[in-house]
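Below, each chain spelled out in residue letters.
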Amino acid sequence: MNIFTILKKDLKYYFFTPFGYVVLTLFSLISGLIFYTLLASYVSKYIQFTAILPSYKINVNDYIISPLFFNYAVLFLILIPVITIQSYPSEKQSNTFDILFISRLTALRIVIAKFLSSTIFIALLLGITFIFPIILFKHGNPDPGPVYSGYFGLLLMGMSFISLGLFISSFSRSKITASILTFGAIMILWFLGWVGDSFSNPDLRNLLRNLSLIEHYYNFGKGIIDSNDILYYISVIIFFLFLNHEVLSLTPYSTTSRGMGLKIRRREIIYSIIVFIIIFEINFLGFFHSRVWDITRGNRLSLSSQSIQILNKVNEPIEVMMFFTEETPGYFETRNVLEEFSRINPMIKLHIYDPDKEIEKAREYNIKVYGTTVFKQGSKIERTYHKNEMGLINVLFRFVIRERLKVYVLTGHGEHSITDLTNTGLNLFYRRFLEEGYDIEKLDINAINEIPGDATMLLISGSQKEFSEHAIKVIKDYFKTGGNLFLCIDPPPQPDHNWFLNEFGIKHGGDVIIDRQNSLYGISPMIPVIVSFSNHIITQNISDLILPLVSSFSFVDLPKNGENLDFNMYWLAKSSDSSWGEVNLNSQPAEDEKDNKGPLYVAIALEKYYEENKGYSKAVIVGDSDFITNGFINLSENVDFTGNSMNWLSNRDSLIYIRPREGEVGVLRMNPGQVSTIFILVVVLIPLIFILTAILVIFFRKRWRE
């Protein structure tokens with residue numbers, strides 16, 4: 001007798017007896033009901049939400065796929081104890097277990113065969129559910145990532161349940177006893193995470209959460225694969241299969257139907273302790289060397305580098321409270337982001353309250369609107385209605401970075417205004433960076449004799465008139481005393497600001513860059529898409545910019561290598577090889593010998609050392625001012641480049657980042673009639689197939705026996 005003989009015998013039990021078909025029918029019926037319920041609820045919510053918020057897209061992954069896989073895990077919790085009790089107690093009661101030892105089959109082969117047969121059966125159970133994602137993909141565009149990771153995680157969790165169930169049933173003769181003990185053991189490991197949440201000690205809380213079976217499954221259900229979770233499930237499988245092997249390796253017949261009870265020897269205890277310690281150490285080391293793969297579409301659940309940097313700066317406990325119901329638009333999006341916050345930094349504790357049920361809690365924090373999130377650290381409390389990563393991390397930012405920096409936006413020469421709500425204004429710029437620790441104010445350069453001492457930087461954006469000698473002197477004096485400039489210069493006929501550029505050997509091109517290949521499709525070749533960047537900290541992670549009507553820069557009298565300089569200069573971005581700088585602005589754009597040949601520099605950074613200040617003054621110079629206006633700042637990565645430039649100018653290098661992008665939301669478009677048809681398929685027809693198959697198997701078994 002070998003492994004395949006036992007495997008074949010066990011599989012026959014699953015597929016040629018009523019037991020297997022009872023499990024298959026129940027699983028298909030219950031999973032079908034769950035899928036139908038989630039689907040019907042989604043369609044109802046989709047109609048409801050779009051009627052209230054036409055632009056809101058209810059994500060099919062959050063409302064159907066993730067809950068569906070979590071319910072599968074609950075089904076496994078109930079069914080696997082029933083499946084595993086057939087492995088040993090059934091054989092003991094039928095007196096076939098002795099045959100395994102008489103055949104001198106090793107304990108290791110018995111364990112492997114039993115484990116494989118149960119694993120194949122639960123894999124078949126999961127296979128039944130493949131029709132549900134197929135239905136979703138046929139009628140919509142769900143994200144496939146959570147589907148793949150969900151099945152992978154379910155299989156690992158199911159195998160963990162099986163290994164535990166096999167261990168318990170290996171020393172039990174009674175099916176009922178083995179089933180109850182297995183169910184109880186799984187429940188204990190299931191609830192450890194919830195028990196851990198009740199402890200105030202963070203180390204104890206994290207330990208219990210890391211021991212919980214369900215805590216390691218949540219990421220799989222969302223579309224995230226964490227090496228820690230994989231290692232945990234593999235460790236559970238190996239450990240309990242080892243214990244199963246040790247039980248079967250005890251004195252002859254001690255686990256058979258004629259056994260006299262377990263005679264545990266010192267060797268088995270020592271070996272078990274050693275294996276446990278080894279597995280624990282491996283998981284402990286894996287915790288500090290983990291890798292996380294976000295396989296969602298567009299890495300929807302991955303936090304931006306800025307968010308991670310801010311989260312890592314949280315060194316005091318912050319309590320985050322969501323006052324949502326599951327029917328509140330944005331519930332799952334907000335929860336997913338905040339759960340990531342808590343996962344990356346355990347100092348952030350997330351609570352979810354239903355305002356209709358937790359009335360006293362809602363009154364305590366003066367909650368009047370569904371969808372309010374409260375951040376609390378000590379006595380400091382902030383509320384927000386944001387539901388995406390950008391809005392939520394900005395609230396957290398205010399807890400971490402408490403120093404606010406002053407930015408003055410110069411006026412007096414026709415510059416863009418922070419109070420202008422039109423496409424040419426800077427109101428979106430003002431509101432965005434106000435939330436990121438900058439206090440932004442207008443400053444009329446003609447009405448002052450010096451820049452205020454609290455200025456971190458000056459923004460000069462889109463000047464329409466030449467600066468007076470007085471204004472130039474005020475700005476130069478500010479720069480020489482450690483000030484920073486963000487200078488956005490438009491093409492002619494607007495001022496070229498050579499009064500500042502020439503001091504550093506920079507020449508304004510006096511042109512407009514034309515690029516017929518790399519430009520906004522169907523708009524204009526005068527709105528180039530910039531895709532070439534230097535490795536400077538500002539642009540090292542930028543992939544594209546949109547700069548409408550941008551002019552170029554060149555360098556004159558560049559210093560020779562090795563020459564001692566008191567300033568450093570860097571190019572940040574340049575146009576493509578196919579572009580040119582059109583200098584004849586009074587005619588139709590056409591490249592000729594008078595034009596500046598591409599590639600052309602469009603953004604420059606410099607830092608000048610002033611001995612009297614014992615430090616550097618910095619400047620970022622861009623050949624366009626429209627890219628930060630209301631009409632363009634949210635296009636491409638314009639806001640990323642703007643934020644990186646401001647953080648570099650204000651010496652916040654650690655906060656230079658790529659802001660999160662909104663991933664594509666999977667939606668499902670079905671009507672109630674289609675949902676009713678699916679009910680007949682998944683709740684009636686599929687279970688009926690297994691019932692009819694079971695009848696045929698029983699009928700033909702009787703015929704074969706006759």
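The present account deals with the structure reproduced in this document.

Scoring rules and cut-offs
- Residues numbered from 1 in each chain as written.
- Predicted model: local features only at pLDDT ≥ 70, side-chain atom pairs only at ≥ 80, totals over all residues.
- Heavy atoms only, no water.
- Core = buried A, V, L, I, M, F, W, Y, C linked by side-chain atoms within 4.5 Å.
- Buried < 20%, exposed > 50% of the residue type's maximum accessible area, 1.4 Å probe, protein only.
- Contact = heavy atoms within 4.5 Å.
- Helix = DSSP H or I, 4+ residues; strand = E, 2+ residues; numbered from the N terminus.
- Pairing = 2+ DSSP bridges.
- Patch = residues over 30% accessible without salt bridge, like charges linked within 9 Å, V, L, I, M, F, W, Y side chains within 5 Å.
- Areas by Shrake-Rupley, 256 points an atom, 1.4 Å probe, with all protein chains shown as cover.
- Salt bridge = Lys/Arg side-chain N within 4 Å of Asp/Glu carboxyl O.
- Phe/Tyr/Trp six-rings, centres within 6.5 Å; stacked < 30°, edge-to-face > 60°.
- Lys NZ or Arg CZ within 6 Å of the ring centre and 35° of its normal.
- Expected span 1.5 Å × (residues − 1).

1. With respect to the nonpolar core
Core analysis: the biggest nonpolar cluster contains 115 residues, and Phe 35 and Phe 341 have the highest contact counts within it. Residue contacts for Phe 341: discarding those within four places in its chain leaves Leu 303, Leu 311, Ile 348, Leu 392, Ile 393 and Leu 396. Val 409, Leu 426, Ile 513 and Leu 547 belong to the second largest nonpolar core, which has 37 residues in total.

2. A few points about the environment of Met 390
Within the element layout of this structure, Met 390 appears in helix H17 (residues 389–400). Its relative accessible area of 11% is what places Met 390 among the buried residues. When the C-alpha atoms of Met 390 and Ser 304 are compared, they prove to be 9.1 Å apart, with 86 residues separating the residues in sequence.

3. Details of the pairing of strand S10 (residues 484–488)
Judged by how many residues are buried, S10 sits mostly within the fold: 5 of 5 residues are covered. For strand S9 (residues 455–461) and S10, the ladder comprises 4 bridges, and the chain directions are parallel. Across the sheet, the residue bridging to Ile 460 is Leu 487, located in S10. Bridge count for S10 against strand S21 (residues 615–622) is 5 bridges, and the pairing is parallel. Its bridge partner being in S21, Asn 484 is matched across the sheet by Lys 618.

4. A word on the environment of Leu 189
Here Leu 189 shows up in helix H9 (residues 175–197). Separated by 22 residues in sequence, Leu 189 and Leu 211 place their C-alpha atoms 6.9 Å apart. Discounting residues that sit within four places of it in the chain, Leu 189 has contacts with Leu 164, Leu 211, Ser 212 and Leu 213.

5. Here we look at a nonpolar patch on the surface
A cluster of nonpolar side chains, contributed by Leu 204, Leu 207, Leu 211, Ile 269, Ile 273, Phe 276, Ile 277, Phe 280, Phe 284 and Leu 285, occupies part of the molecular surface with about 890 Å² of accessible area. With 7 residues, helix H13 (residues 266–288) is the single largest residue contributor to the nonpolar patch. Inspection of the secondary structure puts Leu 285 in helix H13.

6. What to know about unusual backbone geometry
Cis geometry is found at the peptide bond from Pro 492 to Pro 493, where omega equals 15°. Within the secondary structure, Pro 493 is located in the loop between S10 and helix H20 (498–501). A positive phi is found at Asn 651, a non-glycine position, where the angle reads about 60°. Judged by its relative accessible area of 56%, Asn 651 falls in the exposed class.

7. Topic: the packing of aromatic side chains
Evaluation of the coordinates by the stated rule reveals 32 aromatic pairs. With centroids separated by 6.3 Å and ring planes inclined at 55°, the aromatic side chains of Phe 324 and Tyr 331 adopt a geometry described as tilted. A residue is classified by how much of its surface remains accessible, and Phe 324, at 2% relative accessible area, is buried. Three or more aromatic residues joined by ring pairs make a cluster, and in this case those are Phe 27, Phe 69, Tyr 72, Phe 76, Phe 130 and Tyr 151. Between Lys 618 and the ring centre of Trp 648, over which it is positioned, the NZ or CZ distance is 4.6 Å. Note that Arg 652 overlies the ring of Tyr 438, its terminal NZ or CZ placed 5.1 Å from the centroid.

8. What to know about the sheet that holds strand S18 (residues 580–582)
Note on sheets: strands pair through backbone hydrogen bonds, and any given pair is parallel or antiparallel. Strand order in this open sheet of 3 strands is S12-S18-S19, and the pairing throughout is antiparallel. Pairing within the sheet leaves two strands with one partner each, and these edge strands are strand S12 (512–514) and strand S19 (596–597). The pairing of S12 with S18 spans 3 bridges and is classified as antiparallel. From the neighbouring strand, Val 512 faces S18, where its bridge partner is Glu 582.

9. Description of helix H21 (residues 638–649)
For H21, with 12 residues, the first-to-last C-alpha span of 17 Å sits near the 16 Å given by 1.5 Å per residue. With respect to burial, H21 is a largely interior element, 12 of its 12 residues being buried. Within H21, the full set of buried residues consists of Asn 638, Val 639, Asp 640, Phe 641, Thr 642, Gly 643, Asn 644, Ser 645, Met 646, Asn 647, Trp 648 and Leu 649. Backbone geometry just after H21 places Asn 651 at a positive phi near 60°.

10. As for the pattern of salt bridges
Note that side chains of opposite charge can pair when their charged atoms are close. Overall, the coordinates contain 9 salt bridges when judged by the stated rule. The partner of Arg 343 in a salt bridge is Asp 226, with the nearest N and O atoms 3.9 Å apart. Here Asp 226 lies in strand S1 (residues 224–226) and Arg 343 lies in helix H15 (residues 331–344), a separation of 117 residues in the sequence. Between Glu 364 and Lys 361 there is a salt bridge, with the nearest N and O atoms lying 3.9 Å from each other. Here Glu 364 and its partner Lys 361 are both found in helix H16 (residues 359–364), 3 residues apart, which amounts to about one turn of the helix. Salt bridges here are not isolated pairs; linked through shared partners, they connect Lys 222, Arg 335 and Glu 339.

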